[in-house]
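# Coordinates in review
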Amino acid sequence: MNLLPKSSKEFGSVDYWEKFFQQRGKKAFEWYGTYLELCGVLHKYMKPREKVLVIGCGNSELSEQLYDVGYEDIVNIDISEVVIKQMKERNASRRPQMSFLKMDMTQMEFPDASFQVVLDKGTLDAVLTDEEEKTLQQVDRMLAEVGRVLQVGGRYLCISLAQAHVLKKAVGHFSREGWMVRVHQVASSQDQVLEAEPRFSLPVFAFIMTKFRPVPGSALQIFELCAQEQGKPVRLESAEQLAEAVRERQQYAWLCSQLYRKAGLGSVSLDLCNGDTGEPRYTLHVVDSPTVKPSRDSHFAIFIIPQGRETEWLFGMEEGRKQLAASAGFRRLITVALHRGQQYEGMDSIQAELSARVMELAPAGMPARQQVPFLSVGGDIGVRTVQHQDCSPLSGDYVVEDVQGDDKRYFRRLIFLSNRNVVQSEARLLKDVSHRAQKKRKKDKKKQRPADAPEDRPAAPGQCIDRSYLCCEHHKAMIAGLALLRNPELLLETPLALLVVGLGGGSLPLFVHDHFPKSCIDAVEIDPSMLEVATRWFGFSQSDRMKVHIADGLDYITSLAGGEVRPHYDVIMFDVDSKDPTLGMSCPPPAFVDQPFLQKVKSILTPEGVFILNLVCRDLGLKDSVLAGLKAVFPLLYVRRIEGEVNEILFCQLHPEQTLATPELLEVAEALEQTLRRPGRGWDDTYVLSDMLKTVKIV
């Protein structure tokens, strides 16, 4: 039986609805949900003793069910004589105080201020089928009549899909009249989330328009959004902001419906925000593994990433998350990253907070009421302490934070919030500092702390860094590249001139300074804020052998190359990031690998020296171009890929005859390492130079 109109315009036709209800008979037709699905919102905004007008009642059971729970003073109107007759017959004996009248809601016969609530379930949507002038005039008459029959303080309660043109019309009309405008999202029940065919891809909303007494000359407009039935309303500044907030929730609902209907949509990520502040609280990534064999227990799981570990390859990169999902053995895995600046009580509270929301992302075919496992590493949410937060005019917002690693040791990190999943600099804290931090954390769990109390700091800022340890794998590879200078003894006993462009937390130049006693280092950093961060928080300090120059690396090298007395460096290192994320290459900025500039780099490098470059480039075509440009200036080019990262370390030399085959290179690296391991040098035993060079390839 075809009950749908040929055109949406027929929704506004009396003839269409007469035919509709004749064909449908006595079976109730429920627009946008049943009483059970809507009662949470209805009871919030309607009181049992209030006089209620239901416009466009149809043959919905909503009025009857409201009557049965105590809302007895209800008047129902509809333009269809057929349905009014049906409803009168159905309710005459069982609900004698409820009335049904055939009436046009654009020309109602009630006196002014007759009702305290006007209830509309889908009627505005049915009438406002387009934005043609005739339709808009009809809607204007309808909304004007709603305002006329409502008392001051009364509410127009409209259940709608909140399509853009409907929301714009309703909000615009009532805000101009000086009414308070609230849009309340109707929460879906758990059964709706998992039903075989969800009714709508769009969520259902309730418009609550509250009539205020007119105040001459007042321009006050109130816009509010309530995202959940029990949620606190959020005040918004404009109708445009309200429309944008509704649109975001509609997009989320559409995404949920797509994820329900099919797997393998590609990389899907979304933020869940704090309902009170609007700040991101969780970042979710949806990962499907179609190769996992379906079983009752393999449908769906949630993985909570411990705080501070979201930057690791397994959690922070798409390929890593795919590997995690495959090894976990679930058809769909959702990874959840916890945001800095948010408070989390523990795994149980996170699970309670997320349970209802993540079920909206469940795949099709999942048994109803099935328990969804929450997974993590060690069952802990991790530890993250923000030590310092500021904004640099050049680098933007950044944080310095301490996080706990796998072995319970603490690490200090510098993060630029414009790229919050990338660690700019990292240093390990001294072991006794990590131990003290753990003891303090245990004490905090035993005693009650005020909600606004600051967290204990693991240690004083710059005095807690383990300077013998390099955290970053690309820094380890860059240090290993010094083996290309061939003579290990020479590196320690004769002067070694280095130029390092890009300071960050200072770990790279500091390590060279501490372990190569004859080294003299010029470090160049464009952002003065980074020198302050490195000095205060990462144990960096200048000396007579290590100077920092606040300058653009491009200008600094150009100045050196054009000077009358041109310095020559044994080693030049580039570890500098790009501030433009759209270029396809985040390290270094493209200008640093232009051929004219590379010629300037060549001019200040000793003939036997090595130019070492940290390259982060996801654009394969651009990367090939960079390698070709480097090789045109530096004929001898080695590449060392960092496993599990995008980084590649490039070692560039001037003379092909300097080429070391892999066995020779490893032999030199082992000799250098033996020299550095001598007593009193503080060399970290886990750092094996030769391991860094085993996978080096010559381009």
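Residues numbered from 1 in each chain as written. Predicted model: local features only at pLDDT ≥ 70, side-chain atom pairs only at ≥ 80, totals over all residues. Heavy atoms only, no water.

Per an unreviewed UniProt entry, the protein chain is named eEF1A lysine and N-terminal methyltransferase, and its organism is Equus asinus. Regarding the protein chain, the relevant UniProt record gives this comment under Subunit (unreviewed entry): "Forms a tripartite complex containing GAB1, METTL13 and SPRY2. Within the complex interacts with GAB1 and SPRY2." You can read under Sequence similarities (unreviewed entry) in the UniProt record for the protein chain the words "Belongs to the methyltransferase superfamily." (UniProt positions renumbered as here; feature names shortened; annotations may be inferred.)

Strands in a sheet are paired, the pairing made by backbone hydrogen bonds, and the direction either parallel or antiparallel. The sheet built from 4 strands is open, its strands ordered β15-β16-β17-β18 with antiparallel pairing. At either end of the open sheet lies a strand with only one pairing partner, and these are β15 (384-392) and β18 (423-428). Going across the sheet, the axis of each strand differs from the next one's by a mean of 15°, ignoring polarity. Pairing of strand β17 (residues 410-416) with β18 involves 5 bridges; the strand directions are antiparallel. Paired with R413 across the strands is E426, a residue of β18. (Pairing = 2+ DSSP bridges. Helix = DSSP H or I, 4+ residues; strand = E, 2+ residues; numbered from the N terminus. Axes fitted to C-alpha atoms, helices over the stretch in contact; angles between N-to-C directions.)

Our next topic: the pattern of salt bridges. Enumeration over the complete set of coordinates arrives at 25 salt bridges. Notably, a salt bridge pairs R155 with E50, separated by 2.5 Å at the nearest N-O pair. Highlighted residues: R155 in strand β5 (residues 150-160) and E50 in the loop between α2 (35-45) and β1 (52-55), separated in sequence by 105 residues. By relative accessible area, E50 is classed as buried at 10%. Here K476 makes a salt bridge to E473, at a shortest N to O gap of 3.3 Å. Of this pair, K476 and E473 both sit in helix α14 (residues 473-480), separated by 3 residues, roughly a single helical turn. Residue K476 is classed as buried on the basis of its relative accessible area, which comes to 8%. (Salt bridge = Lys/Arg side-chain N within 4 Å of Asp/Glu carboxyl O. Buried < 20%, exposed > 50% of the residue type's maximum accessible area, 1.4 Å probe, protein only.)

In space, the 5 strands of this open sheet follow the order β10-β11-β13-β12-β14, with mixed pairing throughout. Where the open sheet ends on each side, the last strands, each with one partner, are β10 (268-273) and β14 (374-375). In this structure, strand β12 (residues 300-305) lies alongside β14, joined through 2 bridges in parallel fashion. Among the inter-strand pairings, I302 is bridged to a residue of β14, identified as F374.

A few words now on α14. Burial analysis of α14 places 7 of its 8 residues in the buried class, the great majority of the element. By the burial criterion, the buried members of α14 are H474, H475, K476, A477, M478, I479 and A480.

A few words now on the pairing of strand β4 (residues 115-121). On any regular strand, side chains alternate: one points to one face of the sheet, the next to the other face. With 6 of 7 residues buried, β4 is to be regarded as a mostly interior element. Bridge count for β1 against β4 is 4 bridges, and the pairing is parallel. If you follow L53 over to β4, its bridge partner there is V118. Here β4 runs beside β5; their pairing, made up of 6 bridges, is parallel. The residue bridging V117 from the neighbouring strand is R155, located in β5.

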